[in-house]
Amino acid sequence: FDEDEELIESAEIHDSSLSNQVLERFAVYASRIKDCDFSNSDLGRVDFTDVIFENCDFSNANMDHGSIHRAIFKNCRLTGTRFNYMRFGNVLFDEVKADFISVTHSKITNFKTQKSSLENAELFSSKLKQVVFDKTNLEHLSVYQTALKDCDLSQSYFESFVVNQEDLFGCIVSRDQA
């Protein structure tokens with residue numbers, strides 16, 4: 001990675017570190033990013049489109065006011081990452097550790113997590129459509145002013161999470177979860 005580069009397109013990038021960096025308006029298109037470290041970075045107004053991230057670390061990164069479309073995060077670490085005022089479309093979290101993430105005032109469409117952890121995550125005042133949490137740890141998830149209508153939690157596990165009754169209306173859960 002070149003810290004001064006604002007646009008990366010059609011690239012294969014491996015084993016790079018951009019931890020503790022400020023990368024405002026960082027854009028990556030049609031690329032594969034593997035074994036890279038973005039931890040503690042400010043990635044505000046990020047634009048990731050048609051990107052595959054494998055084994056990357058985004059712990060405690062800030063991605064406020066950005067967009068992520070047609071992206072896969074495979075075996076990545078996103079613990080403590082902030083996704084405020086974001087747009088997500090056609091995104092997969094596969095075997096991702098995303099505990100303590102904050103997602104507020106965001107629009108999330110066609111989003112799936114599988115074999116992941118969102119323990120102690122927060123969803124606040126966001127719009128969700130076609131969201132599936134498959135075999136995902138949702139323990140202590142906090143949901144405020146975010147309707148879970150048509151969100152599928154039936155294959156995930158949690159003993160408790162915080163949600164208003166009206167936000168739970170139309171949520172898909174298993175018999176044991178109900």
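No experiment lies behind these values; they were computed from the predicted model shown. (Residues numbered from 1 in each chain as written. Predicted model: local features only at pLDDT ≥ 70, side-chain atom pairs only at ≥ 80, totals over all residues. Heavy atoms only, no water.)

**Q** How do you make sense of the overall build of the protein when you look at a structure like this?
**A** When you go through the protein residue by residue, the secondary structure sums to one helix and 14 strands. By principal-axis analysis of the C-alpha atoms, the protein measures approximately 50 × 25 × 25 Å. Looking at the 178 residues of the protein, the share that counts as buried comes to 49%. Taken as a whole, the protein presents about 8900 Å² of accessible surface, with 43% of it coming from carbon and sulfur. (Helix = DSSP H or I, 4+ residues; strand = E, 2+ residues; numbered from the N terminus. Buried < 20%, exposed > 50% of the residue type's maximum accessible area, 1.4 Å probe, protein only. Areas by Shrake-Rupley, 256 points an atom, 1.4 Å probe, with all protein chains shown as cover.)

**Q** Whenever I open this one, the side chain of Asp47 confuses me. Can you help?
**A** Looking at where Asp47 falls in the secondary structure, it is placed in strand β4 (residues 47–54). Arg70 provides the closest opposite charge to the buried, unpaired Asp47, separated from it by 8.3 Å. For Asp47, the side chain forms a polar contact with the side chain of Tyr29, separated by 2.6 Å. Here Ser67 takes part through its side chain, which lies 3.4 Å from a polar atom of the side chain of Asp47. Those residues within four positions of Asp47 in sequence are excluded, and the remaining contacts are Phe26, Ala27, Val28, Tyr29 and Ser67. (Lys, Arg positive; Asp, Glu negative; His and termini not counted. Salt bridge = Lys/Arg side-chain N within 4 Å of Asp/Glu carboxyl O. Polar contact = N/O pair within 3.5 Å; in protein donor to acceptor, adjacent residues only side chain to side chain. Contact = heavy atoms within 4.5 Å.)

**Q** Can you walk me through the nonpolar core in this structure?
**A** Note on soluble globular proteins: their nonpolar side chains tend to be buried together. Counting residues in each nonpolar core, the largest one holds 49 residues, and the members touching the most others are Phe48, Phe58, Ile68, Phe73 and Leu78. At the level of secondary structure, the elements contributing two or more residues to this core comprise β3 (27–34), β4, β5 (67–74), β7 (87–94), β9 (107–114) and β11 (127–137). With residues near it in sequence (within four places) discarded, Leu78 still touches Phe58, Ser59, Phe73, Phe83, Phe93, Val96, Lys97, Ala98, Asp99 and Ile101. (Core = buried A, V, L, I, M, F, W, Y, C linked by side-chain atoms within 4.5 Å.)

**Q** Sorry, what's going on with the pattern of salt bridges here?
**A** Inspection of the entire model under this criterion finds seven salt bridges. In this structure, the salt-bridge partner of Glu54 is Arg32, at a minimum N-O distance of 2.4 Å. Placement of Glu54 in strand β4 and of Arg32 in strand β3 is noted, with a sequence separation of 22 residues between them. The exposure class assigned to Glu54 is buried, which follows from its relative accessible area of 15%. For Arg70, the salt bridge goes to Asp50, with nearest N and O atoms at 2.6 Å. Taken together, the positions of Arg70 in strand β5 and Asp50 in strand β4 put the pair 20 residues apart, joining distant regions of the chain. A relative accessible area of 36% means that Asp50 is categorised as partly exposed. Linked by salt bridges that have partners in common, Lys74, Asp94 and Glu95 make up one network.

**Q** Help me understand the sheet that holds strand β8 (residues 102–104), please; the structure alone is not making it clear to me.
**A** Through backbone hydrogen bonds, the strands of a sheet pair up, either in parallel or in antiparallel fashion. Strand order in this open sheet of five strands is β6-β8-β10-β12-β14, and the pairing throughout is parallel. Looking at strand neighbours, the two that pair on one side only are β6 (82–84) and β14 (162–163), the edges of this open sheet. Strand direction decides the pairing type here: strand β12 (residues 142–144) and β14, joined by two bridges, are parallel. Within β14, the position partnered with Ser142 by the bridge is Val162. (Pairing = 2+ DSSP bridges.)

**Q** Got a minute to help me understand the environment of Glu9 in this structure?
**A** As for its position among the elements, Glu9 is in strand β1 (residues 7–9). Placed 132 residues apart in sequence, Glu9 and Leu141 show a C-alpha to C-alpha distance of 35 Å. Glu9 has contacts with Tyr29 and Ser31, leaving out every residue within four places of it along the chain.

**Q** Help me understand the pairing of β9 in this model?
**A** Every other side chain in a regular strand lies on the same face of the sheet, so the side chains alternate between the two faces. Across seven bridges, β7 lies against β9 in parallel orientation. For Gly89, the partnering residue across the bridge sits in β9 and is Thr109.

**Q** Can you walk me through the state of the cysteines in this structure?
**A** When the sulfur atoms of two cysteines share a covalent bond, that bond is a disulfide. Inspection of the entire model under this criterion finds zero disulfides. Of all cysteine sulfurs in the structure, the one in Cys56 sits closest to Cys36, which takes part in no disulfide; the separation is 4.9 Å. When its relative accessible area of 3% is taken as the criterion, Cys36 is described as buried. For Cys76, which is in no disulfide, the shortest distance to another cysteine sulfur is to Cys56 and amounts to 4.8 Å. (Disulfide = S-S within 2.5 Å.)

Purely geometric numbers; function is a separate question.
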